[in-house]
Amino acid sequence: MIGDNLILLDKVDSTNNYIKKHWRELPSETVVWALEQTEGYGRKNSRWYSPLGGLWFSVLFKPRKRPLIPYYYLRMYSLVIYNVLKKKYKLNPIIKWPNDILINSKKVCGILGESVYNGGSPSCVIVGVGINVNNELREEISNSSIALKDVVGKEIPLRKLLNELNHVAYHSYYLKYFKPKAISAITKMWLNHLNVKVGDKVQVSTENNGSIYGIVNDIQSDYLEIMDDNGELRKINSGELIVI
Ligand code: BTN
């Protein structure tokens, strides 16, 4: 099961990096959990501040028989975190495209997927999960992020939360859906839970092209396709998205 092989580190540069170095000798479904990361990173190589008190872990997947398409693993983890927070902690999370988890419109969790490629196909997928749990938040992100302890009103034991996530990931998703005929259900569930739907009117503030207004035409993990007000289809792969 996921996490049967658990490597707990006091401090590491990044749990994703750890797996990138050791994936060959580690079994599939290994979980690497670090109490602290010194060089945690997020999407687009952003810095991911990872002090004591947060839950920082990565999972290695190199299955022999199950599909190995990176975005399925990312979508699975957004659904896992969404469900655990909702059902076990009675919170009201949302999945913000593509895979951030928000509570009260603030980011509580980020997920980073990476693959090691051998020729054209991946040899393994690494899913890195960072959840603000009992940690303090840096001043700069305290307006846009939140820690679980501040929502729940008390500290949450990290090992318990990690076990719950591993259990739900394995039993509710990995065993059930990671088979060729069932895998598309992961995408359907992810789309159903996302904060944006095809047909929504949106505003996206991009770093380079200012704000784009339009209607969502297609949703993928690496881009949103938007029909802008001039009738042009535009692919947007990052930016702040507001559903109008
Ligand atoms: C994001 O929202 O940009 C994704 C953040 C992912 C952070 C986690 S913490 C555990 C793992 N190790 C890393 O260096 N990053 C991921």
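Residues numbered from 1 in each chain as written. Predicted model: local features only at pLDDT ≥ 70, side-chain atom pairs only at ≥ 80, totals over all residues. Heavy atoms only, no water.

### Notes on the overall build of the protein chain
Convention followed: Runs of E in the DSSP output that reach at least two residues are strands. Runs of H or I that reach at least four are helices, and both are numbered from the N terminus. The size measure is the radius of gyration over C-alpha atoms, and the globule rule it meets is 2.2 Å times the number of residues to the 0.38 power. When accessible area is computed with a 1.4 Å probe and restricted to protein chains, residues below 20% of their type maximum are described as buried, those above 50% as exposed, and intermediate ones as partly exposed. Residues are treated as being in contact if the distance between any of their heavy atoms lies within 4.5 Å.
Broken down by element type, the protein chain carries five helices and twelve strands. Here the protein chain has a C-alpha radius of gyration of 18 Å; the compact-globule value for 244 residues is 18 Å, and the two agree. The proportion of buried residues among the 244 residues of the protein chain is 52%. Contacts spanning at least 24 positions in sequence make up 60% of the contacts within the protein chain whose residues lie at least 6 apart.

### Considering the side chain of Q37
Quick note on the threshold: For the purposes of these results, a polar contact is taken to be a pair of N or O atoms within 3.5 Å, where, inside protein, one atom must be able to donate a hydrogen and its partner to accept one; residues adjacent in sequence count only when each atom of the pair is a side-chain atom.
In this structure, Q37 sits in strand β2 (residues 31–37). In this structure Q37 comes out as buried when scored by relative accessible area, which is 9%. A polar contact of 2.8 Å, which involves the side chain of Q37, links it to the backbone nitrogen of T15. One polar contact links Q37 to S50, side chain to side chain, over a distance of 2.9 Å. With residues up to four places along the chain from it excluded, the contact list for Q37 reads V12, D13, S14, T15, W48, S50 and W56.

### Side note on the site of the ligand
Cut-off, in case you're wondering: Whether a residue is near a molecule or strand is decided by its heavy atoms; if any one of them lies within 4 Å of it, the residue is near. Working definition of accessibility: Shrake-Rupley area with a 1.4 Å probe, residue cover restricted to the visible protein chains.
Residues in contact with the ligand amount to 19 residues; listed here are only the nearest, S14, Q37, Y41, R43 and K107. With respect to the ligand, the side chain of S14 contributes an N or O atom lying 2.8 Å from an oxygen atom. Note that a nitrogen atom of the ligand is positioned 3.2 Å from one of the side-chain N or O atoms of T15. In the complex, 98% of the free accessible area of the ligand, which totals 420 Å², lies under the protein chains. At the level of elements, α1 (15–22), β3 (55–61), β6 (106–118) and β7 (121–131) are the ones that each hand at least two residues to the shell around the ligand.

### Quick word on the sheet that holds β7
Stated formally: Note on pairing: DSSP must find at least two bridges between two strands before they are called paired. Axes, fitted as lines to C-alpha atoms, cover a helix only where it is in contact. Angles between the N-to-C directions of the axes lie from 0 to 180 degrees.
Spatially, seven strands are ordered β1-β2-β3-β7-β6-β5-β4 in an open sheet, and the strand pairing comes out mixed. The open sheet is flanked by β1 (6–12) and β4 (94–96), the only strands paired with a single partner. Adjacent strand axes in the sheet meet at a mean angle of 20° when their direction is disregarded. As defined by bridge partners, β1 adjoins β2 across six bridges and the pair is classed as parallel. Looking at the pairing, V12 lines up with Q37 of β2.

### Overview of the UniProt feature "domain: BPL/LPL catalytic" (unreviewed entry) in the protein chain
Rules: UniProt positions are given in the numbering used here, feature names are shortened, and annotations may be inferred rather than shown by experiment.
The feature "domain: BPL/LPL catalytic" (unreviewed entry), as annotated in UniProt, sits at residues 1–177 in this numbering. Taken end to end, residues 1–177 is 29% helix and 29% strand, and its first and last C-alpha atoms sit 15 Å apart.

### Comments concerning the pattern of salt bridges
To keep things clear, this is the line we draw: One speaks of a salt bridge when a side-chain nitrogen belonging to Lys or Arg is within 4 Å of a carboxyl oxygen belonging to Asp or Glu.
For the structure shown, the criterion picks out nine salt bridges. Taking the shortest distance from any N to any O, the salt bridge between D100 and K107 comes out at 3.1 Å. Among the residues examined, D100 registers a relative accessible area of 7% and is labelled buried. The residue D150 makes a salt bridge to K149 at a minimum N-O spacing of 3.5 Å. A residue is classified by how much of its surface remains accessible, and D150, at 51% relative accessible area, is exposed. Owing to a relative accessible area of 13%, K149 belongs among the buried residues under this scheme. Linked through salt bridges whose partners overlap, the residues forming this network are R43, D100 and K107.

### Thoughts on the packing of aromatic side chains
The line we're drawing: By convention, a stacked pair of Phe, Tyr or Trp rings (six-membered ring in the case of Trp) has centres within 6.5 Å and planes under 30 degrees apart, an edge-to-face pair has planes over 60 apart, and any other such pair is tilted.
Taken as a whole and judged by the stated rule, the model has ten aromatic pairs. A centroid spacing of 4.9 Å and a plane angle of 55° characterise the contact between Y71 and Y72, whose relative ring orientation is tilted. Residue classification places Y71 among the partly exposed residues on the basis of a relative accessible area of 33%. Residue classification places Y72 among the buried positions, given a relative accessible area of 10%. Measuring from centroid to centroid gives 5.3 Å for Y174 and F178, while their planes differ by 45°, and the two rings are tilted. Each member of the pair, Y174 as well as F178, is classed as buried.

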